[in-house]
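Listed below, chain by chain, are the residues.
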Amino acid sequence: MTPDFDFALGDNAQMIQATTRRFAMEQIAPLAARIDAEDWFPREELWPAMGALGLHGITVGQEDGGLGLGYLEHVVAQEEVARASGSIGLSYGAHSNLCVNQIRRWANAEQKARYLPNLISGEHVGSLAMSEAGAGSDVISMKLKAEKKGGRYILNGTKFWITNAPYADTLVVYARTGEGSKGITTFLIEKGFKGFSIGQKIDKVGMRGSPTAELVFEDCEVPEENVMGPLNGGAGVLMSGLDYERTVLAGIQLGIMQACLDTVLPYVQERRQFGKPIGAFQLMQAKVADMYVALNSARAYVYAVARACDAGRTTRFDAAGAILLASENAVRVSLEAVQALGGAGYTKDWPVERYMRDAKLLDIGAGTNEIRRMLIGRELIGA
């Protein structure tokens, strides 16, 4: 096992970490290979059980059925889930942060009472829909249109790359109600709404088992009371959530790096060449050292940004920086894990090739690394 560096997480975060780690190792890890091989999302097997532990509502106040904790606790839970399965980690982050946390932050009392209980319990699955086929990094150029007719909005268009879409009961959806950045509104969509359907499912290289699909709106009828946040204020809702999204999703990469070390360390101690364990060779020791430093340097930054989120003093460029560091480190660590196992690492018999495929997603998702660098540089220079 990798030595635990004391990041002084505090009692609540340590409790969440220990509870989630135990559950993830006992309930998620045994399913991880099947999840990947069959592109299987084990909703019934995991979601209610995770709800019973309180994992879906970590940042939701106790008055609304959550644990009333912060983003640091959410990050460590995210890390432990992803350590067992990156795919489940991704779906968990989309559910608990992108959907539940946005509802917690922006919904009115009636909306919270209607949607949060089933999402927090795990009876329902949540999702968030920003991206479209022609609106990825430039998400404000979205085309999904919402027109007011009487007491309803009629939505027409599509969304793409939507995590959890095929299973989602409740979705936070951004649509155009006017022109430009001041013409976007946030809607709460239920899977049974007339005119709403799931389009093509997307077959991904990694994060298999975390379902991704297109959303189709054909004269979809949405009650006026399902507008979340201010009318035409959806861009503010969207952007305000990105810092928290990036911070929490960075925990996925921490979990993948830890999983790599969980596999590599015992392997290099047991695998023998030239009459000795391969871990006795200095080149392999250097490889393991680099993996460990990459993990803990990313942890330090992500945990610090999570604490800043909890204190209300995070910066957009540091949230972007934390996931930038974690994502690039995770790709590098996963490649080193494959290399450390040699030929075995390039087979399906060992999980490191899955870690490699899973790690690559967050170089792209939640804003590409190019966009993150642009944001950081622009903010620092003041351009």
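Predicted model, so just to flag it, every value in this text is computed and none were measured.

Asker: Please set out the layout of surface pockets residue by residue, giving values where relevant.
Answerer: In this structure, the largest pocket spans a volume of roughly 1,200 Å³. Along the walls of the largest pocket sit 42 residues, with S131, I364, G365, A366 and G367 positioned nearest its centre. Those elements that provide at least two residues to the lining of the largest pocket are α5 (86–106), β3 (152–163), α7 (234–270), α10 (352–359) and α11 (369–381). If you tally residues by element for the lining of the largest pocket, the top one is α7, at six residues. Of the residues assigned to the lining of the largest pocket, the class counts are 23 nonpolar, 10 polar and nine charged.

Asker: Pulling in residues and values, what's your account of the pattern of salt bridges?
Answerer: For the coordinates displayed, the defined rule picks out 22 salt bridges. Across the pair E224 and K148 runs a salt bridge, and its minimum N-O distance is 3.3 Å. Separated by 76 residues along the polypeptide, E224 in the loop between β7 (212–223) and β8 (227–228) and K148 in strand β2 (residues 145–149) bring together distant segments of the chain. On the accessibility criterion, K148 (42% relative accessible area) is partly exposed. A salt bridge links K287 to E336; the shortest N-O distance between them is 2.8 Å.

Asker: Before we move on, can you summarise the nonpolar core with the specific residues and values?
Answerer: Membership of the largest hydrophobic core comes to 95 residues, with the highest contact counts inside it found for I103 and Y174. The element contributing the most residues to this core is α7, with 18 residues. Those residues in contact with I103 that lie beyond four places of it in its chain are K112, Y115, L116, L119, T170, V172, L188 and M228. A129, Y153, L155 and V227 belong to the second-largest nonpolar core, a separate cluster that totals 21 residues.

Asker: Let's hear about empty space enclosed by the protein: which residues, and what values?
Answerer: Under the criterion given, the structure shown has one cavity of 30 Å³ or more. Its volume calculated, the largest cavity comes out at about 60 Å³. If you go around the largest cavity, the residues you meet are N97, L98, Q102, L128, M130, Y174, L238, G241, L242 and E245. The element best represented in the lining of the largest cavity is α7, accounting for four residues.

Asker: Outline helix α6 (residues 109–121), listing residues and values.
Answerer: Note that an α-helix has 3.6 residues per turn; residues three or four places apart therefore point the same way. With 13 residues, α6 should reach 18 Å at 1.5 Å per residue; the first-to-last C-alpha distance of 18 Å fits that figure. At Y115, α6 shows its maximal kink, close to 35 degrees; a proline, P117, follows between one and four residues later. If you check which residues of α6 are buried, you get Q111, K112, Y115, L116, L119 and I120. For α6, the secondary structure elements touched by its buried residues are α3 (43–52), α5, β1 (126–129), β4 (170–176), β5 (184–190) and β8. Directly beyond the C-terminal end of α6, a positive phi value near 90 degrees is found at G122.

Asker: Residue-level account of unusual backbone geometry, with values.
Answerer: In this structure, D219 is a non-glycine residue whose phi angle is positive, near 50 degrees. Relative to the elements of secondary structure, D219 occurs in strand β7. The backbone of N232 shows a phi angle near 65 degrees, a positive value even though the residue is not glycine. Take N232: it is sitting in the loop between β8 and α7.

Asker: How would you summarise the environment of A32 if you had to cite specific residues and measurements?
Answerer: Summarising the element assignment, A32 is placed in helix α2 (residues 32–38). Linking A32 and I376, residues 344 residues apart in sequence, is a C-alpha distance of 35 Å. Setting aside residues no more than four positions away along its own chain, A32 makes contact with A84, S85 and R354.

Asker: Hey, could you go over the pairing of β5 for me, with residue numbers and the actual values?
Answerer: The element β5 is largely enclosed, with a buried count of seven among its seven residues. Two strands pair when backbone bridges link them, and β5 and β8 are joined in this way by two bridges, in the antiparallel orientation. Of the residues in β8, the one forming a bridge with T186 is M228.

Asker: I'd like to hear about the packing of aromatic side chains, residue by residue, with values.
Answerer: Under the counting rule described, the total for this entry stands at 10 aromatic pairs. Between F160 and W161 the ring centres are 5.0 Å apart and the planes differ by 80 degrees, which places this aromatic pair in the edge-to-face class. For F160, a relative accessible area of 14% translates into the label buried. Given the relative accessible area of 51%, W161 is considered exposed.

Rules behind the numbers
Residues numbered from 1 in each chain as written. Predicted model: local features only at pLDDT ≥ 70, side-chain atom pairs only at ≥ 80, totals over all residues. Heavy atoms only, no water. 1 Å grid on protein atoms, 1.4 Å probe; cavity = no way out; pocket = protein on both sides within 12 Å on 5 of 7 lines; lining within 4 Å. Points joined across faces, edges and corners; volume = space filled by probe spheres on them. Helix = DSSP H or I, 4+ residues; strand = E, 2+ residues; numbered from the N terminus. Nonpolar A, V, L, I, M, F, W, Y, C, P; charged D, E, K, R; others polar. Salt bridge = Lys/Arg side-chain N within 4 Å of Asp/Glu carboxyl O. Buried < 20%, exposed > 50% of the residue type's maximum accessible area, 1.4 Å probe, protein only. Core = buried A, V, L, I, M, F, W, Y, C linked by side-chain atoms within 4.5 Å. Contact = heavy atoms within 4.5 Å. Expected span 1.5 Å × (residues − 1). Bend = angle between axes of the 7 residues up to and from the residue. Pairing = 2+ DSSP bridges. Phe/Tyr/Trp six-rings, centres within 6.5 Å; stacked < 30°, edge-to-face > 60°.

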